[in-house]
Amino acid sequence: MKLKHIIESQQFTVPSLYDLFERADQMKKIVKRGGTRDYQNKVMATLFYKPSTRTRFSFESAMYRLGGSVLSTEQAKEFSSEIEGENLEDTIRIISNYSDVIVLRHYEEGGAKRAAAVSPVPIINAGDGSGGQHPTQALLDLYTIYSECKTLDGLSVAFVGALDQGRTVRSLAYLLGKFDRIKLYFIAPLEMTIKNDILEYLDERGVSYQLADSTDGIINRVDVVYQTRIDKKRLINKDVKLSQYNIDKNVLSKMKYNSIIMHPLPRSVEIDPAVDTDPRAAYFRQAENGLYVRMALLTMLFENEE
Ligand code: CP
């Protein structure tokens, strides 16, 4: 499968996902050996209009470990010509002259699609808007599930948090929906439940799912808990106790011994640091995997150009 841009997770087929994961395994070995110079003629631009730690640093590390170079702006709203009124399309046209791939985090849903429409070089969506997508996060999430659970079929996965605005959850739900006998649980305060477009997609594919506003009776039987933040300020119904969605040692004691806890990070209070040392806490391994999967994606895009 030859992709020009990476905009949304639906672009990936099941065979292309397994290919990508094999490539990520190879990248892990390459990093252990100290990297490669194979891509020393490649330049990657990271254009971030919103803050990031994991996505930007892991992409930049990925490019350096492949032997390439990086052009970066971490606060493009302020430090790019947008401040002079330049539109996204013109900025992309300009930066594409200086780089072979552009990694873009934009504040508007659809920002990456707009960029791809005018860009002669690949655009990678590093997160668009609050309710858009974050496909490379979903790919590293799926790779983590595959690495930890040794399968992607027959799994039960609980998504917990403010799911209406969770672009990582949205992207991962699209990917998980491609596998067999998957059961998804979307657990959120009622006013922050997952949006209908995801449910319609799952219905079309015959994927089994359940909506709930509590983890009770679910957390003890799932293979994966995918925890996300809930912004207290967004809550309209002040009677909702957000602490009921948090994971602490008490919740952990109810989970299956071979389940895993994931989080795209950064976390706030929703996972107690006391949980970090439990082998089921997979979120730091998940963040590490971001490096290997993003190296794999960059090499895939560069090879597609050949
Ligand atoms: N998970 C994630 O996208 O983290 P950053 O916002 O730090 O990139």
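Treat the numbers as computed from the prediction; the structure is a model and nothing was measured.

**Focus: the site of the ligand**
Every residue close to the ligand is listed here: S52, T53, R54, T55, R105, H134, Q137, P264 and L265. Between the ligand and the protein, one listed contact pairs an oxygen atom with a side-chain N or O atom of R105 at 3.0 Å. Compared with its free state, where it exposes 250 Å², the ligand has 91% of that area covered by protein. For the shell around the ligand, the per-class residue count stands at two nonpolar, five polar and two charged. Three or more residues apiece are contributed to the shell around the ligand by two domains, here domain 1 (9-134 + 290-304) and domain 2 (135-286).

**Quick look at the packing of helix α4 (residues 88-95) against helix α5 (residues 111-118)**
Where α4 meets α5, the closest approach of the two axes is 9 Å, and the angle between their N-to-C directions is 50°. With respect to α5, the axis of α4 lies oblique. Classified by chirality, the crossing of α5 by α4 is right-handed. Packed against α4, whose contacting residues are L88, E89, I92 and R93, the element α5 presents G111, R114, A115 and V118 at the interface. The class makeup of the residues in the contact of α4 with α5 is four nonpolar, one polar and three charged.

**Re the sheet that holds strand β3 (residues 101-106)**
Strand pairing in a sheet relies on backbone hydrogen bonds, with the paired strands running either antiparallel or parallel. Taking strand neighbours across the sheet as the criterion, the four strands line up as β2-β1-β3-β4 in an open arrangement whose pairing is parallel. The sheet is open, and its two edges are formed by β2 (69-73) and β4 (123-128), each paired on a single side. Neighbouring strand axes in the sheet, compared pairwise and without regard to direction, differ in orientation by 15° on average. Here β3 runs beside β4; their pairing, made up of four bridges, is parallel. In the strand pairing of β4, V103 is matched with I124.

Procedures and definitions
- Residues numbered from 1 in each chain as written.
- Predicted model: local features only at pLDDT ≥ 70, side-chain atom pairs only at ≥ 80, totals over all residues.
- Heavy atoms only, no water.
- Near = heavy atom within 4 Å.
- Polar contact = N/O pair within 3.5 Å; in protein donor to acceptor, adjacent residues only side chain to side chain.
- Areas by Shrake-Rupley, 256 points an atom, 1.4 Å probe, with all protein chains shown as cover.
- Nonpolar A, V, L, I, M, F, W, Y, C, P; charged D, E, K, R; others polar.
- Domains from an automatic or database assignment.
- Axes fitted to C-alpha atoms, helices over the stretch in contact; angles between N-to-C directions.
- Helix = DSSP H or I, 4+ residues; strand = E, 2+ residues; numbered from the N terminus.
- Parallel < 35°, antiparallel > 145°, perpendicular 65-115°, else oblique.
- Left-handed = near helix turned anticlockwise from the far one by under 90°.
- Contact = heavy atoms within 4.5 Å.
- Pairing = 2+ DSSP bridges.

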